[in-house]
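Single-letter residue listing:
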Amino acid sequence: MAQQTLSVVDSHTGGEPTRIIVAGGPDLDGPLSNRVQQLRNTADYIRTSVILEPRGSDVLVGGLLTPPAASDCAAGIIFFNNVDYLHMCGHGTIGLAVTLAHMGTLQTGSHQFDTPVGVVSATLHDANRVTIRNVPSWRYRAGVSVEIPGHGPVTGDVAWGGNWFFLVSEHGQSLTLDNTDVLTRFTEAIRDALKRQGITGADNGLIDHIELFDISDSADSRNFVLCPGGAYDRSPCGTGTSAKLACLAADGKLQAGETWVQESIVGSAFEGSFEAVEASADLPTGVGPVIVPSITGSAWITAESTLFLDESDPFRTGIQA
């Protein structure tokens, strides 16, 4: 029987795992946004094989390393999870930089990565610590109220940080690690209600990340982030922290260059700051300014392995519901 092999490097960023396919993936061409469609249409089994059981888990975020379409980038990357492809992934980009350093293909210093939503820069400070300069982020709508069955109205902001987020500060929930089952059901109910009530990001963008905030004794705030596939983010979420920074900037609660420390539900932390962007016709409109966030965090390599996809294996492409 024919057998395909995929070489992967696993890491975790603040507790959130990333699995990068470094060899064995399909050949793709064109802009990164086009390559996502190629992967989805012709080789989606790569995503499901890597992420779903028996080789993976719902918590994993995967990435396919691909040559960049932009000549000034060190690599191209397509991120995906248990249900679909991601526009961008902050913790995954930190993991990517640490993975490439582990492989000996990236040295300390500043580098650029090609993603489906644009070029993201990453500064590798040492073997583990990375600062990413994310895509422009902004708050699209403020004070949006959504009715949650069995709970009542919840009000939050819709913001873009590389993915679409609904960010809620007043929620009445306990953001503790022993309460994740309750938090998952609550945030899933919010996401379902947003969809049911037709609340979206710009250009009907699907709001697939829900972010709750609370006070923290060791950081500026603590969050719980529901990811698209139903798992919660163990890290403080890079794109979610970017969306939060955009909301803080819009409310005048954080100024350009100031640092915001965002703690995750497991206690790991990202340091965030932002640069203001001059208004122009090319930039999106929303409630507040467009910013360019920078997120600093650390990742650690956890494994190198080879995945075997044997045609005789009934679960070659993963266990799918």
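Residues numbered from 1 in each chain as written. Predicted model: local features only at pLDDT ≥ 70, side-chain atom pairs only at ≥ 80, totals over all residues. Heavy atoms only, no water.

Let us look at the overall build of the protein. Looking only at helices and strands, the protein has five helices and 15 strands in total. With the C-alpha coordinates of the protein rotated into their principal frame, the extents come out at 55 × 45 × 40 Å. Out of the 321 residues belonging to the protein, those deemed buried represent 53%. Restricting to contacts in the protein with at least 6 residues of sequence separation, those with at least 24 account for 65%. A total of about 13300 Å² of accessible surface is found on the protein, and carbon and sulfur atoms cover 48% of it. On the protein, the mean spot of the 18 positive side-chain charges and the mean spot of the 36 negative ones are 4 Å from each other. (Helix = DSSP H or I, 4+ residues; strand = E, 2+ residues; numbered from the N terminus. Buried < 20%, exposed > 50% of the residue type's maximum accessible area, 1.4 Å probe, protein only. Contact = heavy atoms within 4.5 Å. Areas by Shrake-Rupley, 256 points an atom, 1.4 Å probe, with all protein chains shown as cover. Lys, Arg positive; Asp, Glu negative; His and termini not counted. Charge placed at Lys NZ, Arg CZ, Asp CG, Glu CD.)

In this chain, Glu53 is followed by Pro54 through a cis amide linkage whose omega measures 10°. One can find Pro54 in the loop between helix 2 (44–51) and strand 3 (61–66). Positive phi is not limited to glycine here, since Asp203 has a value of about 55°. Here Asp203 is to be found in the loop between helix 4 (180–196) and strand 11 (209–214).

Turning to the pairing of strand 5 (residues 109–115), a few remarks are in order. The pairing of strand 4 (residues 75–80) with strand 5 spans two bridges and is parallel. Residue pairing for strand 5: Gly76 is matched across the bridge by Asp114. Crossover strand 4 to strand 5 through helix 3 (residues 90–103) is right-handed. Counting the residues that bridge the hairpin from strand 5 to strand 6 (residues 118–124) gives two residues. (Pairing = 2+ DSSP bridges. Right-handed = clockwise from strand over helix to strand, strands pointing away.)

Within the secondary structure, His171 sits in the loop between strand 10 (164–168) and helix 4. Only 3.0 Å separates the side chain of His171 from the backbone nitrogen of Gln173, close enough to count as a polar contact. Separated by 2.5 Å, the side chain of His171 and the backbone oxygen of Phe213 make a polar contact. Every residue in contact with His171, bar those within four places of it in the chain, is listed here: His151, Phe186, Leu212 and Phe213. (Polar contact = N/O pair within 3.5 Å; in protein donor to acceptor, adjacent residues only side chain to side chain.)

Among the nonpolar cores identified, the biggest contains 57 residues, and Phe166 and Ile190 are the most heavily contacted of them. Other than its neighbours up to four places away in sequence, Ile190 contacts Ile148, Val154, Phe166, Ile210 and Leu212. Among the nonpolar cores identified, the runner-up in size contains 19 residues, and Leu32, Ala43, Leu52 and Leu64 belong to it. (Core = buried A, V, L, I, M, F, W, Y, C linked by side-chain atoms within 4.5 Å.)

This part covers the state of the cysteines. Applying the stated criterion to the full structure yields zero disulfides. Cys73 carries a free sulfur, and the closest cysteine sulfur to it, the one in Cys89, is 17 Å from it. The thiol of Cys247 is unpaired, and the distance to the nearest cysteine sulfur, on Cys237, comes to 13 Å. Residue classification places Cys247 among the buried positions, given a relative accessible area of 6%. (Disulfide = S-S within 2.5 Å.)

As for its placement among the helices and strands, Asn223 is situated in strand 12 (residues 221–226). Among the residues examined, Asn223 registers a relative accessible area of 1% and is labelled buried. With sequence-adjacent residues up to four places away left out, Asn223 is seen in contact with Leu175, Glu211, Leu212, Phe213, Ser235, Pro236, Gln262, Glu263, Ser264 and Ile265.

A word on the environment of Ala101. Mapping Ala101 onto the fold places it in helix 3. For Ala101, a relative accessible area of 22% puts it in the partly exposed group. Once residues within four sequence positions are removed from consideration, Ala101 is found in contact with Leu106 and Leu124.

Among the eight residues of helix 2, six are classified as buried, and the element is accordingly described as predominantly covered. Looking only at helix 2, the buried set comprises Ile46, Arg47, Thr48, Ser49, Val50 and Ile51. In this structure, the buried side of helix 2 is in contact with strand 1 (3–13), strand 2 (16–23), strand 3, strand 4 and strand 15 (291–310).

The quantities given are spatial measurements derived from coordinates; they are silent on function.
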